There are 2 protein chains.
Amino acid sequence: MPFPPPSADKKILEEGAAFTPKFDAHGLIVCVTVEAATGEILMLAYMNALALEKTLETGVAHYWSRSRNELWRKGDTSGQVQKVVEIRADCDQDALLLRVEAGGDGKACHTGRKSCFYRKIEATPEGVSLRTI
Amino acid sequence: MPFPPPSADKKILEEGAAFTPKFDAHGLIVCVTVEAATGEILMLAYMNALALEKTLETGVAHYWSRSRNELWRKGDTSGQVQKVVEIRADCDQDALLLRVEAGGDGKACHTGRKSCFYRKIEATPEGVSLRTI
């Protein structure tokens, strides 16, 4: 399932029906993953063409681990398999939005939390810090 | 407002209070921007240190335009200024989540839509295509 290259025509890219994901110089596209039922943002990760193909073929989220440099079927070790409900592309097709049902305990973050976005930035006169929410 | 470098200690990075955004090789960090009131994902963009500083200083979302290679105060031409309600960092501090109130007509996408994620990927026996939702 090779993906066709992005069109140079903005109109086709933004309004057309052709899915032409734009991978970056490292062959990756960024993906925001949300819980389908609630819309809560669970995590942000990357896919290469193989991970995207596997995700489309199997209906289960696959990513590309930049730290381990390998294909990563989310949940393989944790049981937190993500069943894909919907995938959306953004206007210029260089970002994806995955709506998923999370299996296992429903948590997406390797720290044991549901969402990776568990800290809020707080700016005080002393500087900027993080607070767990 | 210089940002301190990320700690090599995962525990400090993931559980500490120090905000140490991890910029990529191009000096950018990815940001997901959602409408604070609804949680709807509006757009995905990038910030460099300057854009992040300006966002923290002014309370209005600034990004780095990769296509124009310049600082971009969202809404300068469209009126769709984004007032920042909250900024979150993810576990390894290489992604940000902005919760905003969108000014003007509340639309975030340059195509005139509220969200940049207006197309859904559909896989059929004939192949993968996009459908506007």
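Throughout what follows, the structure given in this document is the object of discussion. All values derive from a computational prediction rather than experimental measurement. (Residues numbered from 1 in each chain as written. Chains lettered and ligands numbered in written order. Predicted model: local features only at pLDDT ≥ 70, side-chain atom pairs only at ≥ 80, totals over all residues. Heavy atoms only, no water.)

1. Thoughts on the overall build of chain A
Operational definition: Working definition: helices are DSSP H or I runs of at least four residues, strands are E runs of at least two. Numbering for both runs from the N terminus. Here the term buried applies to any residue with accessible area under 20% of the maximum for its type, exposed to any over 50%, and partly exposed to those in between, with areas from a 1.4 Å probe on protein chains only. We call two residues contacting when some pair of their heavy atoms lies within 4.5 Å. The Shrake-Rupley method, run with a 1.4 Å probe sphere, supplies the accessible areas, and residue values consider only the shown protein chains as cover. The charge count includes Lys and Arg as positive and Asp and Glu as negative, but it does not include His or the ends of the chains. Where a charge lies is defined by one atom per residue type, namely NZ (Lys), CZ (Arg), CG (Asp) and CD (Glu).
Within chain A one finds 2 helices and 8 strands. Its helices and strands taken in sequence order, chain A reads α-β-β-α-β-β-β-β-β-β from the N to the C terminus. A principal-axis box enclosing the C-alpha atoms of chain A has dimensions of 50 × 40 × 30 Å. Within chain A, the proportion of its 133 residues that are buried is 46%. Long-range pairs, those at least 24 residues apart, make up 39% of the contacts in chain A with a sequence separation of at least 6. If you sum the accessible surface of chain A, you get close to 6300 Å²; carbon and sulfur atoms cover 51% of it. Taken as two groups, the 17 positive and 18 negative side-chain charges of chain A have centres that lie 5 Å from each other.

2. Comments concerning the sheet that holds strand β7 (residues 119–124) of chain B
The test is simple: In short, DSSP must find at least two bridges between two strands for them to pair. To get an axis, fit a line to the C-alpha atoms, keeping to the stretch in contact for a helix; angles then go from 0 to 180 degrees between the N-to-C directions.
In spatial order, the strands read β2(A)-β1(A)-β6(A)-β5(A)-β7(B)-β8(B); together these 6 strands make up an open sheet with mixed pairing. What marks the edges here is a single partner per strand, and that holds for β2 (41–47) of chain A together with β8 (127–132) of chain B. With strand direction ignored, the average angle separating the axes of adjacent strands in the sheet is 35°. With 6 bridges connecting them, strand β1 (residues 29–35) of chain A and β2(A) associate as antiparallel partners. From the neighbouring strand, Cys31(A) faces β2(A), where its bridge partner is Ala45(A). Contacting β2, β5 (82–89) and β6 (95–102) of chain A together with β7 and β8 of chain B, helix α2 (residues 49–58) of chain A crosses the sheet at an angle of about 125° to β2(A).

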